[in-house]
Protein chains: 2
Amino acid sequence: MAEFMTETEERSSGVPRPGTAEEPRRKTDDPPHAQGTDDPPDAQEAAVQLERARALVDPELRAAVESLPGAMRRIALYHFGWQHADGSPAAGNAGKAIRPALVLAAAAALGGPAARTAAVRAAAAVELVHNFTLVHDDLMDRDTTRRHRPTVWTVFGDADAILGGDALQALALRLLVEDPHPASVPAAARLAACVVELCEGQHVDTDLERRAPEAVTLAEVLAMAEAKTGALLGCACALGALYAGADDEEVAALDGFGRQAGLAFQLIDDVIGIWGDPRHTGKPAGADLAARKKSLPVVAALTSGTPAAAELAALYGRPYREGEAAAGEIARTALAVERAGGRDWAQAEAADRMARAMQELARAVPDPEAAGGLLALAEFVTRRTS
Amino acid sequence: MAEFMTETEERSSGVPRPGTAEEPRRKTDDPPHAQGTDDPPDAQEAAVQLERARALVDPELRAAVESLPGAMRRIALYHFGWQHADGSPAAGNAGKAIRPALVLAAAAALGGPAARTAAVRAAAAVELVHNFTLVHDDLMDRDTTRRHRPTVWTVFGDADAILGGDALQALALRLLVEDPHPASVPAAARLAACVVELCEGQHVDTDLERRAPEAVTLAEVLAMAEAKTGALLGCACALGALYAGADDEEVAALDGFGRQAGLAFQLIDDVIGIWGDPRHTGKPAGADLAARKKSLPVVAALTSGTPAAAELAALYGRPYREGEAAAGEIARTALAVERAGGRDWAQAEAADRMARAMQELARAVPDPEAAGGLLALAEFVTRRTS
C-alpha cells in the first residue's frame, strides 16, 4: 500500500504533462499538486476541490482522532502533522485529501450539494483507512520519511506503529457505523472489504518483488496495482455514490471509475520512476531500475518477447552495483525497457485506463457538468492536465 | 494484548483451585480447561458451553476466513490451525472459544435460545478480533509459539503478520455490519471501540514495563489490565446482550460483568505467575519475577509502604542474573512480595472483582437459572471452580 501515490514539491508555476519527466517526485502518499497562474481550468478546479475537502473533512477527522485514548491519540496526532513528536502543537500536514475529495465529489455528482455535506464522515473514514495503511506500510518498508517528517515507527517504535495503525483502522469503521446516515452500513461493509483488498495487494507486491523477473506476468502486476492503488480510490468514489443514494449499478460504475483512474495514475507514476528527471524527482536517475523494481513498464518489457526483453532480463538478473559503470548500466536498462516497448505500452495503457474511467463515469453520471468535479480530480491524480 | 490468557495443558483429572499454585501454565490465549470425572457442576457446564460455542461459531468463522483472498486466507487458515504452514489441511486448534461462548451465553441469558442462535455472527466477529490481536501481539512480543505451533510471524514473516492481522480486523467488522440483525450496527461500533481500548492497553503495558518500578502506581496497572484483559471479555458479553435486545443498562451491566471477571482472572493468573509450581506451569519458578514483570501483586507490594516493599524495590532495581544465586534471589523476591502483602492483596482483590462481577450479572439477569451459563464461564476463566 505504500508508495502508491507520490507528491511533488510545491511548484510556483508550470503544468505537469503526462508521461514527461518534468515532475518533481518524492515518496509520500499523494499525487503532485499542480499550482500556478497558468494552470488549466481542470487543475484549478481540482485544487479548489481538494482545498474544500480538506476544510470540510479536517474537523471531523480531528474530532475522531481526539476521541482516541492517550497514546493512540498522540501517535495519530503526530502522524497527521497536528503535533510534533514532543506533543507540542503543529500546523498539520495531512496530505492532499485526494480520497476525501473523491468521496465528496462522487456524492455531489450523484446527489448534489446536500449529498456532499452528508458524506463528510464517510470521507473522513476513507482518509483514516488510507492513513492506517501508510503507518503500517512505512513500518513494513522501513521508510523513514513521510510528508517531509520522520515516520511513526522511527519516532514511536515498531510496536506503537502497529498499535497506532490498528487503532486508526478501528476508528475509521467506528466513525462510519456511528453515522446515522442510511448509507453508512453498506459503506462500512465496502470499506472493510477494501481494507482486505489493500492488504492482499501489499502482500502480492512484496511477493512479486521477491520473485525472479521471468516468473512475473503482466496480468499479475496489473492485478496487484489495482488492489494496491485502485481499490481505495474506487472505494472512495463508491462510498460517495452510496451516500448520494445511488443504485447498485451506479455505485459499481463509480468504483470502476476510481479503480481505472488509479491504474492510470500508477502507470504514469511508473514511467516517471524510470525516465523522470532526477533534478525534479528528488531521487537518483533510474532509482526504480537500480532497485530492480518490477514496475509496470518493466514487466511489460520483460514479457514482450523481443530481443530487448532478453537483454533486460539479463540486466535485471544481476544485482545493481554502485560505481563508475552504474550510470551507464542504468541508461542501458532504461533503453532496453524502451526498446522492448515498455514505455509506449505504459503510456498507451494509461490512456486506455483513463478512457475506461471516463466510460464508467459517463455510465453513472451522464451530465458532463455534474461529472466535472470527478473528472478534474481524475485528471489531477494522473497529471493529465493538458 | 498478548499473554492475557494462559492455557493449561490438558489434564485428565483434578480441579484447579483459586490462588493455588497447582495449575499447569503455558503462554497461549486461553484460560485453563478443567476436565475430568470429578469436575464440579460449574466446570462441566462451562465445558459444555465452550464445546457448543465452538461447534456453532466455527462454521461461520471458517466461512469468513475462506472468503479472504489468497495470501490473507492462507495466513488466517494457518493461524486458526486449519492449515499447516505448507497449506495442507490440519485438524484445527482455534483455542477454547471463551469469548464466543460469552457472547452466546449473554444472548441466551437475556433472550433465550433464539437470541443465542441469532448471535452466532457476533460471536465469530469477537473471535476474529481476538485473533487479530494475537497475531499482532505475537509479532510485537516476538513470541514464537502459540497454541503449540509456531506463531504467524515466524512462519510468514513480519510484513505478513501485520497484513494478516489487519485483514482479520477488517473481516471482523465486515462480518458484523453485513449481519442483517438490528443489533449488528451498535455491536460493530462497540467492537471497534473495544479494539481501540485493546490497543491502548497493550501500549500502556509495554510502557509500564519500561518504567522504573517506583514510577508505577497500582491504579495504572489495574487500568491497564482492565483495558488489555477485561475490555474484550466485557465487549463479548455486551454484544450478546445487544443481540438479545437488551436495554442500555443491561448492556452496560453485562459489559461490567465481563470486565470484572476478566480482572479477577488476571489477578489470579499473576499470582500463579509468581507462586505457580514449575512442574505444572511449564515455566521456570518465578519466571515473571526474573523478567522483573510489573504484575499486579508485585506493584501492590511495591506500593505498600512496608519494609518489604523497599527490599523488593531494591531487588527489582537490578537486572536478574542467571547463576547459582538465581534461585535464592527469586525465592527472596517472592517472599518480599508476599511479606509486603502482594499475594494477599491480589487474592482479596480477585475475590472482590468476582463479587462485583456477580453484582453486575444479577443486575442484568436476576434469575439465577438464566444467569447460570455466564456464571459457569466466569468461574471457569477465573478457575474458581470450588
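Located above this text is the structure these notes cover.
Residues numbered from 1 in each chain as written. Chains lettered and ligands numbered in written order. Predicted model: local features only at pLDDT ≥ 70, side-chain atom pairs only at ≥ 80, totals over all residues. Heavy atoms only, no water.

Caption draft 1: Spatial organisation of helix 15 (residues 342–364) of chain A. Residues and elements named next belong to chain A. In a regular helix each residue adds 1.5 Å, so 23 residues correspond to 33 Å; helix 15 covers 33 Å between its end C-alpha atoms and thus fits that length. Of all the positions in helix 15, only G342, R343, A346, E349, A350, R353, M354, A357, E360, L361 and A364 are classed as buried. Tucked into the core, helix 15 has its buried residues touching helix 3 (98–118), helix 8 (218–243), helix 9 (248–275), helix 12 (296–302), helix 14 (326–339) and helix 16 (368–381). (Helix = DSSP H or I, 4+ residues; strand = E, 2+ residues; numbered from the N terminus. Expected span 1.5 Å × (residues − 1). Buried < 20%, exposed > 50% of the residue type's maximum accessible area, 1.4 Å probe, protein only. Contact = heavy atoms within 4.5 Å.)

Caption draft 2: View of the side chain of T382(A). Residues and elements named next belong to chain A. Tracing the backbone shows T382 in the segment after helix 16. Of the residues examined, T382 reaches a relative accessible area of 0% and is grouped as buried. Only 3.4 Å separates the side chain of T382 from the backbone oxygen of E379, close enough to count as a polar contact. If sequence neighbours within four positions are ignored, T382 has contacts with A261, A264, F265, I268 and M354. (Polar contact = N/O pair within 3.5 Å; in protein donor to acceptor, adjacent residues only side chain to side chain.)

Caption draft 3: Highlighting the relation of the copies chain B and chain A. If you rotate chain B by 180° and push it 0.0 Å along the axis, it lands on chain A with an RMSD of 0.0 Å. This pairing of chains is accounted for by a two-fold axis. A high fraction, 100%, of the interface residues of chain B reappear at the interface in chain A, so the copies pair face to face through one surface. (Least-squares fit on C-alpha atoms with pLDDT ≥ 70 in both.)

Caption draft 4: Quick peek at the pattern of salt bridges. Going through the model one piece at a time under the given rule, you end up with 40 salt bridges over all chains. The shortest N-O distance in the salt bridge between D255(A) and R259(A) comes to 2.7 Å. Taken as a pair, D255(A) and R259(A) lie in helix 9 at a separation of four residues, close to a single helical turn. The two residues D255(A) and R259(A) agree in class, both being buried. Residue R62(B) is joined to E66(B) by a salt bridge in which the shortest nitrogen-to-oxygen separation is 3.1 Å. You can see R62(B) and its partner E66(B) sitting in helix 1 (residues 41–66), four residues apart, about one turn around the helix. By sharing partners, the salt bridges in this structure join R190(A), E197(A), E226(A), D255(A) and R259(A) into a single network. (Salt bridge = Lys/Arg side-chain N within 4 Å of Asp/Glu carboxyl O.)

Caption draft 5: A look at the packing of helix 3 of chain A against helix 4 (residues 120–141) of chain A. All names here are of chain A. The interhelical angle for the contact between helix 3 and helix 4, taken along N-to-C directions, is 170°, at an axis separation of 9 Å. Relative to helix 4, the element helix 3 lies roughly antiparallel. Of the residues in helix 4, those in contact with R99, P100, V103, L104, R116, T117 and A118 of helix 3 are V120, A122, A123, V126, E127 and H130. Grouping the amino acids of the contact of helix 3 with helix 4 by side-chain chemistry returns eight nonpolar, two polar and three charged. (Axes fitted to C-alpha atoms, helices over the stretch in contact; angles between N-to-C directions. Parallel < 35°, antiparallel > 145°, perpendicular 65-115°, else oblique. Nonpolar A, V, L, I, M, F, W, Y, C, P; charged D, E, K, R; others polar.)

Caption draft 6: Representation of the packing of aromatic side chains in the model. Within the structure shown, the criterion is met by four aromatic pairs over all chains. Both rings, one in Y78(B) and one in F156(B), keep their centres 5.6 Å apart while their planes meet at 70°; by these two values the pair is edge-to-face. Placement of the pair is Y78(B) in helix 2 (residues 70–79) and F156(B) in helix 5 (residues 152–156), with a sequence separation of 78 residues. Grouping residues by exposure puts Y78(B) and F156(B) together as buried. On the numbers, 5.1 Å between centres and 25° between planes, the contact of F80(B) with W82(B) is stacked. For W82(B), a relative accessible area of 6% gives the class buried. Here the guanidinium or amino end of R142(A) rests over the ring plane of W153(A), the centre of that ring lying 4.6 Å away. (Phe/Tyr/Trp six-rings, centres within 6.5 Å; stacked < 30°, edge-to-face > 60°. Lys NZ or Arg CZ within 6 Å of the ring centre and 35° of its normal.)

Caption draft 7: Representation of helix 3 of chain A. All names here are of chain A. The terminal C-alpha atoms of helix 3, which comprises 21 residues, lie only 18 Å apart, well short of the 30 Å expected from a rise of 1.5 Å per residue. A bend of about 145° at G111 is the largest found in helix 3, and the proline P113 appears one to four places after it. Counting buried positions along helix 3 yields 15 of 21 residues, so the element is predominantly enclosed. (Bend = angle between axes of the 7 residues up to and from the residue.)

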